[in-house]
Amino acid sequence: MSTVIPTSQEPVTLPNEILEISISIAVKELDPSLVNEQFLKFSGIVPNEWELNQQPVVSKAGSQLVFKNGLSIVAQPRSLTFLEGMNDKTAEVVTVGKVASAFVEKLPNAQYNGVVVTPKCLIPLPDQNDGARKFITGTWLASGAWQDLGKAPVQAAVEFTYLLEGCQFNLKVNQATLQIPDRQAVSALLFAGNFNYSLNNPNPQERVNVAKQYIEAWQSDLDTFRGIVHEKFLAEQQPQTVFG
């Protein structure tokens, strides 16, 4: 997740976190070229008044559409991903779940194999130089000679896998940087989780119904993800949010 915050010469107030949500649907066979603006609007998956933010890419190898409201749709031969940043947005105006659910409903005969809900959270650490690396290596990894190898400080990422009620949950934590124009980049922690749901029902309509249930519960997954990040991983970490 790459994030740039526009700025002026005034001191910048960083958000406590920067959120992004994506919903990926596994499909046995999908022609990405069918996922185009005309089809999406003609079928009622997206409203007619929506405008593209950039020239779309549409081909049998893959398609990508980015709308001005911040929703992106990426189609590949075996998957379809709906992605939206949540900066300055309430859950009520986020469209990713509605559009993904509408797509599945309008194409009920596709063989859907699974749904993955992927929330991401960027935590700025403006008052800690090289803070993300130090946090990862100093908090979750035992100290040792392995940290003193090479000509530069070791870079690290960690991954956790949990079995939750109804799904497997994976969480990756990486070092990241927050780019702010005309200012020094800010160290940040990037938490990326995914909730993996399988669709095994042999009845096509039941698969659609279950897929929609998983998709439409994205906000519950996001709340669970944020709770895990803040209560289990950052309980003792209180990043400062203002710098000049």
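Structural data are supplied above this passage.
What counts and what doesn't
Residues numbered from 1 in each chain as written. Predicted model: local features only at pLDDT ≥ 70, side-chain atom pairs only at ≥ 80, totals over all residues. Heavy atoms only, no water. Helix = DSSP H or I, 4+ residues; strand = E, 2+ residues; numbered from the N terminus. Buried < 20%, exposed > 50% of the residue type's maximum accessible area, 1.4 Å probe, protein only. Contact = heavy atoms within 4.5 Å. Areas by Shrake-Rupley, 256 points an atom, 1.4 Å probe, with all protein chains shown as cover. Pairing = 2+ DSSP bridges. Axes fitted to C-alpha atoms, helices over the stretch in contact; angles between N-to-C directions. Parallel < 35°, antiparallel > 145°, perpendicular 65-115°, else oblique. Nonpolar A, V, L, I, M, F, W, Y, C, P; charged D, E, K, R; others polar. Core = buried A, V, L, I, M, F, W, Y, C linked by side-chain atoms within 4.5 Å. Expected span 1.5 Å × (residues − 1). Arc of directions from axis to C-beta. Polar contact = N/O pair within 3.5 Å; in protein donor to acceptor, adjacent residues only side chain to side chain. Phe/Tyr/Trp six-rings, centres within 6.5 Å; stacked < 30°, edge-to-face > 60°. Salt bridge = Lys/Arg side-chain N within 4 Å of Asp/Glu carboxyl O.

Chemist: Account for the overall build of the protein chain, with residues named and values stated.
Modeler: Looking only at helices and strands, one finds five helices and ten strands in the protein chain. Counting over 244 residues, the protein chain shows a buried share of 44%. Considering only contacts within the protein chain whose residues lie at least 6 apart along the sequence, 69% involve residues at least 24 apart. Surface accessibility of the protein chain: about 13,200 Å² in total, with carbon and sulfur atoms responsible for 48%.

Chemist: Before we move on, could you go through the sheet that holds strand β3 (residues 63-66) and cite the residues and values that matter?
Modeler: Reading across the sheet, the eight strands line up as β3-β4-β5-β2-β6-β9-β8-β7 and stay open at both edges, with antiparallel pairing between neighbours. One side of each edge strand has no neighbouring strand; the edge strands of this open sheet are β3 and β7 (158-164). Averaged over neighbouring strand pairs, the angle between their axes works out to 15 degrees when direction is ignored. Examined bridge by bridge, strand β6 (residues 112-124) and strand β9 (residues 186-198) share nine bridges and lie antiparallel to one another. Paired with Gly 114 across the strands is Ser 198, a residue of β9. The sheet strands contacting helix α2 (residues 96-106) are β2 (18-27), β4 (71-76), β5 (79-85) and β6, and the helix crosses β5 at an angle near 160 degrees. Each of β2, β6 and β9 is contacted by helix α4 (residues 204-216), which is oriented at about 5 degrees to β6, the strand it contacts most.

Chemist: Give a description of the packing of α2 against α4 that names residues and reports values.
Modeler: Two elements in contact, α2 and α4, have axes whose closest approach is 9 Å; the angle formed by their N-to-C orientations is 175 degrees. When the axes of α2 and α4 are compared, the pair comes out roughly antiparallel. The segment α2 lies against α4, with Gly 97, Ala 100, Ser 101, Val 104 and Glu 105 engaging Val 208, Ala 211, Lys 212, Ile 215 and Glu 216. Its residues assigned to classes, the contact of α2 with α4 comprises five nonpolar, two polar and three charged.

Chemist: Now, about the nonpolar core: what can you tell me, with residues and values included?
Modeler: Grouped together as the largest cluster of nonpolar side chains are 58 residues, with contacts concentrated most on Leu 40, Ile 73, Phe 82, Leu 189, Phe 191, Trp 218 and Phe 225. In terms of nonpolar packing, the next biggest core, distinct from the first, is built from eight residues, Ile 18, Ile 180, Val 186 and Leu 190 among them.

Chemist: Please give an account of α4 that cites residues and values.
Modeler: With 13 residues, α4 should reach 18 Å at 1.5 Å per residue; the first-to-last C-alpha distance of 18 Å fits that figure. Turning to α4, its buried residues number three or more, namely Arg 207, Val 208, Ala 211, Lys 212 and Ile 215. Relative to the axis of α4, the buried residues are bounded by an arc of 135 degrees and lie together on one face. Where α4 is buried, its residues touch β2, α2, β6 and α5 (218-233). Backbone nitrogen of Gln 205 and a side-chain oxygen of the N-cap are separated by 3.0 Å at the start of α4; the cap is Asn 203.

Chemist: Outline the pairing of strand β8 (residues 167-178), supporting the account with residue identities and numerical values.
Modeler: Consecutive side chains along a regular strand alternate between the two faces of the sheet. With seven bridges joining them, β7 and β8 adopt antiparallel strand pairing. Of the residues in β8, the one forming a bridge with Glu 159 is Lys 172. Here eleven bridges tie β8 to β9, and the two strands are oriented antiparallel to one another. Along β9, the bridge assignment pairs Gln 168 with Asn 196.

Chemist: Could you give an account of the packing of aromatic side chains, with specific residues and numbers?
Modeler: A complete count under the given rule lists nine aromatic pairs for this structure. The interplanar angle of 15 degrees and the centroid separation of 6.4 Å between the aromatic rings of Phe 160 and Tyr 162 together place this pair among those described as stacked. The partly exposed category is assigned to Phe 160, whose relative accessible area is 21%. Ring geometry for Tyr 197 against Tyr 214: centres 4.3 Å apart, planes inclined by 15 degrees, an arrangement best described as stacked.

Chemist: Could you give an account of the pattern of salt bridges, naming the residues involved and the relevant values?
Modeler: Under the criterion given, the structure shown has six salt bridges. Here Glu 17 makes a salt bridge to Arg 226, at a shortest N to O gap of 2.3 Å. One end of the pair, Glu 17, is in the loop between β1 (12-13) and β2; the other, Arg 226, is in helix α5, with 209 residues separating them in the sequence. Of the residues examined, Glu 17 reaches a relative accessible area of 14% and is grouped as buried. In this structure, Glu 105 engages Lys 212 in a salt bridge whose closest nitrogen and oxygen atoms are separated by 3.2 Å. With Glu 105 in helix α2 and Lys 212 in helix α4, this residue pair connects regions lying 107 residues apart in the sequence.

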